[in-house]
Amino acid sequence: MARGKQKKGRAGGGGRPPVAGPPPPPRDPIIERLLALRGRLLTGDVGGARAEVDAWLRALGHADEPAAAPPEPAPAPPALPAAAPPPVEAPPSPPPAAAPGAPPPPRFSILMCAYNRAALIGEALASALGQTFEDFELIVVDDGSTDATPDIVRRHAAQDARLRFVRKPVNEGRSATRNRAVQEARGAFLLWMADDDHLMPDTLARYAAVLDAHPDVDVVYGNLEIFDGATGEAVDTYEPNDWTGRSDDVVGAKLFGSVVPDGGTASRRSLYAEVGPYDAEFVRAQDYEFWSRLAGRATFHKVDAIVYRYRKHDGGVSFGSFLDLSL
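Fair warning: this is a prediction, and the values are worked out from it, not measured in the lab. Numbering of residues starts from 1 in every chain and runs along the sequence as written. Confidence filtering applies because this is a predicted model: local features only for residues at pLDDT of at least 70, side-chain atom pairs given and counted only at 80 or more, and all residues used for totals across whole chains, interfaces and linings. Calculated side-chain values reflect all of the structure's heavy atoms, with hydrogen atoms and water omitted.

Draft legend 1. Summary view of the pattern of salt bridges. Here, a salt bridge means any side-chain nitrogen of Lys or Arg that lies within 4 Å of a carboxyl oxygen of Asp or Glu. In this structure the tally under the stated criterion is 17 salt bridges. Between D142 and R167 there is a salt bridge, and its shortest N-O distance comes to 2.7 Å. On the criterion of sequence distance, the pair formed by D142 in strand β2 (residues 136-143) and R167 in strand β3 (residues 163-168) is long-range, its members being 25 residues apart. Throughout this description, buried means an accessible area under 20% of the type-specific maximum (1.4 Å probe, protein chains only), exposed means over 50%, and partly exposed covers the range between. Assessed through its relative accessible area of 0%, D142 is described here as buried. Here E184 makes a salt bridge to R164, at a shortest N to O gap of 3.4 Å. You can see E184 sitting in helix α6 (residues 174-184) and its partner R164 sitting in strand β3, a full 20 residues away along the chain. Through salt bridges with shared partners, a single network forms among E137, R164, R180, E184 and R186. What counts as a helix is a DSSP run of H or I of at least four residues, what counts as a strand is a run of E of at least two, and both are numbered from the N terminus.

Draft legend 2. Just the nonpolar core, in detail. Note on terminology: a nonpolar core comprises buried Ala, Val, Leu, Ile, Met, Phe, Trp, Tyr and Cys residues joined through side-chain atoms within 4.5 Å. Judged by nonpolar contacts, the single largest core of 36 residues is most densely connected at F108 and I110. At the level of secondary structure, the elements contributing two or more residues to this core comprise β1 (108-114), α4 (121-129), β2, α5 (149-159), β4 (189-192), α7 (203-213), β6 (219-228) and β9 (300-312). Filtering out sequence-adjacent residues up to four positions away, F108 remains in contact with F133, D135, F136, E137, G187, F189, L204, Y207, A208, L211 and A266. Core analysis: the second largest hydrophobic core is formed by ten residues, L111, V141, V166 and L190 among them. We call two residues in contact when some of their heavy atoms are within 4.5 Å.

Draft legend 3. Structural view of the pairing of β3. DSSP calls a pair of strands paired once it identifies at least 2 bridges connecting them. Sheet analysis places β2 next to β3, joined by six bridges and oriented parallel. Within the sheet, the bridge partner assigned to V141 lies in β3 and is V166. With strands facing away from the observer, any crossover in which the path from the first strand over the helix to the second runs clockwise is taken as right-handed. Crossover connection from β2 via α5 to parallel β3: handedness right-handed.

Draft legend 4. Quick peek at the confidence of the model for the protein. Each residue gets a pLDDT score, which is the predictor's confidence in that residue and runs from 0 to 100. Residues of the protein with pLDDT of at least 70 account for 58%, and the chain-wide mean is 77. In the predicted structure, residues 83-93 sits below a pLDDT of 50 and forms 17 contacts with residues beyond four places in sequence or in another chain. Ignoring residues within four places in sequence, the model shows residues 317-327, a span with pLDDT below 50, making 53 contacts including any to other chains.

Draft legend 5. Looking closely at the packing of aromatic side chains. Here is the rule: rings of Phe, Tyr and Trp (six-membered ring for Trp) pair when centre to centre is within 6.5 Å. Planes less than 30 degrees apart are stacked, more than 60 are edge-to-face, and the remainder are tilted. Under the criterion given, the structure shown has three aromatic pairs. With a centroid separation of 5.7 Å and 85° between ring planes, the pair formed by F108 and F133 is classed as edge-to-face. Here F108 is found in strand β1, whereas its partner F133 is found in the loop between α4 and β2, with 25 residues between them in sequence. Take F108: its relative accessible area is 0%, and that puts it in the buried class. Relative to F189, the ring of F108 has its centre 6.2 Å away and its plane inclined at 50°; by these criteria the two rings are tilted. Taken together, the positions of F108 in strand β1 and F189 in strand β4 put the pair 81 residues apart, joining distant regions of the chain. Comparing F108 with F189, the two get one shared label, buried. An aromatic cluster of at least three residues, connected via ring pairs, comprises F108, F133 and F189. Sitting over the ring of W192, R178 keeps its end group 4.4 Å from the ring centre. We count a charge as sitting over a ring when the NZ of a lysine or the CZ of an arginine lies within 6 Å of the ring centre and within 35 degrees of the ring normal.

Draft legend 6. Highlighting the side chain of D142. A polar side-chain atom of D142 sits 2.5 Å from a polar atom in the side chain of S145. Those residues in contact with D142 that sit more than four places away from it in its chain are A114, Y115, T149, P150, F165, V166, R167 and K168. Any N or O atom pair separated by 3.5 Å or less is treated as a polar contact, with the protein-specific requirement of one donor-capable and one acceptor-capable atom, and with residues adjacent in sequence counted only for side-chain atom pairs.

Set out below in structure tokens:
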């Protein structure tokens, strides 16, 4: 009512006009661009996010061609109908205490999220279990598969006690499945691999040697070989940047894309407890979002060797119509 009276007084020429407050400060254009970039990533629009960054670079007068990168992503799928927000997940719990007389936690946990991959998961399991460095566990979390994937994993687990299998009754998506795998892990370092890819037999041995020589390292990674899913022949090699001794540069580099690959990269388990779980809002690029929170806290070391093989086939997460190397 008081405000209405003031307006009436002004219209009639009498009374005191309201005192105008200071104008709102202009919105920082950098914040505007970051919000737009975040919105594209939340909806899975990786191509749009890259275009947003390119436009930003052009506005800043930077016309250099970007470094060689994986193929451009396909257009994002149509948005799904709105659903109820997922429950908030608790941060990964610390490794469970070993029972008296039980073996100590392994040095590495190889983590694999599986979904309807009966035709290929056997190869992936064999490559993980065939490591020359034997102090590891393999944890497979099935995200509600409806094919023979669980039966295949159970057969391998019956033959090798290092494999632990977790069966989820319903499909919950990548983020929830990854968070469950982290919660199950006991190793000091966690290494992700897809249910259709291959881990090179000496990968853990190479990483263990690096960690023995450099105990302060938090993240170890290497080069990737991309192979044809039908023939098994190598078709390309992905060599990520070497961030050894340049860990502070990773934060800025994340703005322009992924800095280390997801598959075959081993990260210290305590990092996951430090920054919290994967964000369930990200249906794609959840690795990218997670590492955007973590990049400034970790020390990186690259192994100059092929440590992981990505399978190229249309049904793959790692390589469908494009190569997703996000981390």
